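Residue strings, one per chain:
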Amino acid sequence: ACPSNVPAGIGTPSTTGYTYSWLPTAGLSSATTSNPTASIITPNTTTTYTLSTTTDMGCTATDSVKVVVKAIPVSKAGTDISTCSSNNPGTLGTATTVGYTYSWSPATNLSSTTISNPNVTLTNPGTITYTVTSTAQGCTSTDSVIVKVNPFPVADFDFTDVCLTQAMNLYHRT
């Protein structure tokens, strides 16, 4: 189970006339029901629970179940980026973590959607939010980064011809 899926139900529906005893009892909602909830939230933990079932005639059977709690991967989309329209915003994300798979969305202007740190190439003004989903051992997490491309300011002016001793006036064109 992933920590986001905990608590996890274990066991089976109860049978009239049977008694139940679970060991160990730590993390269980009840040690005497047929199907308690295991609330183990420590990542990378494996706990084996053993159930002893006794009939009203005194017959006993045992069985066990292993509950494995996997770590949630850490997704890192990177810091938000604000750049001018002719600059390439650069790289998103961070270095690859062994055992992780990655999925970026949307795919617009990304060099790849399946690596930890794709390059993004945007030239038109606007804002786009990219989200990375990291998966490891069946557990997932997400993170987002905002890329804003600002338009370049216009630097355009006129001037008139002047003689050597005259002042020159510059006028911004709009």
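Owing to the predicted nature of the structure, the values given are computational and were not obtained by experimental measurement. (Residues numbered from 1 in each chain as written. Predicted model: local features only at pLDDT ≥ 70, side-chain atom pairs only at ≥ 80, totals over all residues. Heavy atoms only, no water.)

Draft legend 1. Here's a closer look at the sheet that holds strand β10 (residues 126-136). Taken in spatial order, the four strands line up as β6-β11-β10-β8 in an open sheet, and their pairing is mixed. Both edges of this open sheet fall to β6 (81-84) and β8 (101-105), since each of them pairs with a single strand only. Going from strand to strand, the sheet's axes swing by 20 degrees on average, the running direction of each strand aside. (Pairing = 2+ DSSP bridges. Helix = DSSP H or I, 4+ residues; strand = E, 2+ residues; numbered from the N terminus. Axes fitted to C-alpha atoms, helices over the stretch in contact; angles between N-to-C directions.)

Draft legend 2. Layout of the confidence of the model for the chain. Looking at the chain as a whole, the pLDDT averages 86, with 87% of positions reaching at least 70. Across the chain, the secondary-structure element scoring lowest on mean pLDDT is strand β13 (residues 170-172), at 64, and the one scoring highest is β8, at 97. (pLDDT = per-residue confidence, 0-100.)

Draft legend 3. Seen up close, the pairing of β10. Inspection of the sheet shows β8 paired to β10 by five bridges, in the antiparallel sense. Looking at β10, one finds that Trp104 is bridged to Val132. Pairing analysis gives 11 bridges linking β10 to strand β11 (residues 139-150), with the strands arranged antiparallel. Residue pairing across strands places Thr131 opposite Ser144, the latter belonging to β11. Counting the residues in the hairpin turn of β10 and β11 gives two residues, including Gln137, whose phi is positive at 55 degrees.

Draft legend 4. Geometry of unusual backbone geometry. The omega torsion across Leu23 and Pro24 is -10 degrees, close enough to zero to call that bond cis. Here Pro24 lies in the loop between β2 (19-23) and β3 (37-38). Ser105 connects to Pro106 through a cis peptide bond whose omega is -5 degrees. Structurally, the position occupied by Pro106 is in the loop between β8 and β9 (119-120). A positive phi angle is found at Asn109, which is not glycine, with a value near 65 degrees. Here Asn109 shows up in the loop between β8 and β9.

Draft legend 5. View of the sheet that holds strand β4 (residues 45-54). Pairing is antiparallel in the open sheet, where three strands are placed in the order β2-β4-β5. Of all the strands in the sheet, the pair left with one neighbour each is β2 and β5 (60-69). In this sheet, adjacent strand axes meet at a mean angle of 20 degrees when their direction is disregarded. Across five bridges, β2 lies against β4 in antiparallel orientation. Residue pairing for β4: Trp22 is matched across the bridge by Leu51.

Draft legend 6. View of the packing of aromatic side chains. Within this structure, the stated rule accounts for two aromatic pairs. On the basis of an interplanar angle of 45 degrees and a centroid distance of 6.5 Å, the ring pair of Tyr18 and Tyr20 is categorised as tilted. Accessibility expressed as a relative area gives 36% for Tyr18, which makes it partly exposed. Note on Tyr20: relative accessible area 11%, which makes it buried. Geometrically, the ring pair formed by Tyr100 and Tyr102 is tilted, given 6.1 Å between the ring centres and 50 degrees between the ring planes. (Phe/Tyr/Trp six-rings, centres within 6.5 Å; stacked < 30°, edge-to-face > 60°. Buried < 20%, exposed > 50% of the residue type's maximum accessible area, 1.4 Å probe, protein only.)

Draft legend 7. Main features of the side chain of Ser112. By secondary structure assignment, the location of Ser112 is in the loop between β8 and β9. A polar atom in the side chain of Ser112 sits 3.2 Å from the backbone nitrogen of Thr114. Setting aside residues no more than four positions away along its own chain, Ser112 makes contact with Trp104 and Pro118. (Polar contact = N/O pair within 3.5 Å; in protein donor to acceptor, adjacent residues only side chain to side chain. Contact = heavy atoms within 4.5 Å.)

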